[in-house]
Amino acid sequence: MKRMMPALIAALWLAGCAPAQSTLQPTAASKEPQVTAETPAPTATPEPAATPEPGLAYDEIRMIACENNDQPPELYEGYYTMSRDGLWGLMRADGTEVLPCEALSPVSVCGALGQWHWDVYKNWDELDAISRDLTAAGDGALCGAHGGAIHSFYYDLDSPGRDTTAVDLSALRYLQGGTPAWAVPMEEACWERFGDILPVYSAHEDPEGGAEMGWPDSMVESQRGDGQTVKWWYICRDGSALYPANLDLAGWFFDEALAPVQIEGRWAYLDRNGELVTEAVYDPVCSDAFWEAEEEPVYGAHLRNGYAVVRRGDGWGLLDATGTEVVPCEEEGVAWEGTTLWIENETGWHKTELPA
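These figures come from a predicted structure and were not determined experimentally.

Glancing now at the sheet that holds strand β19 (residues 307–312). Two modes of strand pairing occur in sheets, parallel and antiparallel, and in both the strands are linked by backbone hydrogen bonds. Strand order in the open sheet formed by 3 strands is β19-β20-β21, and the pairing between neighbours is antiparallel. The open sheet terminates on both sides in strands that have one partner only, identified here as β19 and β21 (325–331). This sheet shows a mean twist of 20° between the axes of neighbouring strands, independent of strand direction. Here β19 runs beside strand β20 (residues 315–320); their pairing, made up of 6 bridges, is antiparallel. Bridging across to β20, V310 finds its partner in G317.

Following this line, the structure appears as structure tokens:
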């Protein structure tokens, strides 16, 4: 017992005389701040906003007019003409550049040979080389400059034996060809190509040099059953006719449900019964063709595979076969040539799915 006492006393002395502050390191739990009612809980750091994907950096993408002296012209499927800094080029519908933006006017396609009108200042050797490259890539060729083609229809008031009491299909003339052009009686193949409802105007044969080829003279107004006169009207394959009022210009149906028509300078859409399904509120969206100096659109677009580009002022949209704006006229730009839809916003032109 005597030997244990000093050790016990020492242990008791150490316990009673230890300093008040602990020399031990604090635990991980003790490092975390304590949240009280007065201390707000930390908030999560927000994820950074996704950067929009850049689109094609063109000022405009426009449908390509087929140079046939048609009004409005046919539209060419599979390609677009696009502009940058006032100059124009050619691209495939998927956005692949075919010709750079160097032309002075929108690229169009020759109706006679299916060749591109690319209005640039280059020598013939350069153009020939570019044309060969186009052909090798499967993108056609450049037009070597020649007279235009014509695909148009008129009603010949001087047709021999014409029935003046009814619509007489024997008086329908197909104005075709290049330079020169000639008019021939309607061919069955034309109904197949251009559709069973055709825009026409009435005319006498031209007495000044064009009569031997059947060229029409100036347009003659026709009279509807209610006594109202019309300039443009539609003749149908079954021998009937549509006489919409007040048309300044009548566009193509082809095999679509609607056709563009011009009324007092604005564009509307007409159904196959001759009734307007939209008001005449649209501005032109299509160029003329064949190396035109004026690049501003002058025509409304006919439907391609059920849709047509439309514009009201600065707002672009897409119209469907019912006359509904499935893309309202609120976009910076819209392009549709029948296969691929492009819509422009602040980041450029983007390939877009058709509205469901």
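This is not the end of the story, as more comes after the structure.
Assignment of secondary structure puts S159 in the loop between β7 (150–156) and β8 (172–177). We classify S159 as buried; its relative accessible area is 8%. Each residue touching S159, except ones within four places of it in the same chain, is listed here: S170, A171 and R173.

One pass over the full model with this rule turns up 18 aromatic pairs. Relative to Y174, the ring of F153 lies with its centre 5.2 Å away and its plane at 20°, an arrangement referred to as stacked. One end of the pair, F153, is in strand β7; the other, Y174, is in strand β8, with 21 residues separating them in the sequence. Each of the two residues, F153 as well as Y174, counts as buried. Seen from their ring centres, Y201 and W232 are 5.3 Å apart, and the 70° between their planes marks the pair as edge-to-face. Residue Y201 is found in strand β10 (residues 197–205), and its partner W232 is found in strand β14 (residues 232–236); the two are separated by 31 residues along the sequence. Residue Y201 is classed as buried on the basis of its relative accessible area, which comes to 12%. Of the residues examined, W232 reaches a relative accessible area of 8% and is grouped as buried. Following the ring pairs from residue to residue traces out a cluster consisting of F153, Y174, F194, W252 and F254.

The rules behind the values
Residues numbered from 1 in each chain as written. Predicted model: local features only at pLDDT ≥ 70, side-chain atom pairs only at ≥ 80, totals over all residues. Heavy atoms only, no water. Pairing = 2+ DSSP bridges. Helix = DSSP H or I, 4+ residues; strand = E, 2+ residues; numbered from the N terminus. Axes fitted to C-alpha atoms, helices over the stretch in contact; angles between N-to-C directions. Buried < 20%, exposed > 50% of the residue type's maximum accessible area, 1.4 Å probe, protein only. Contact = heavy atoms within 4.5 Å. Phe/Tyr/Trp six-rings, centres within 6.5 Å; stacked < 30°, edge-to-face > 60°.

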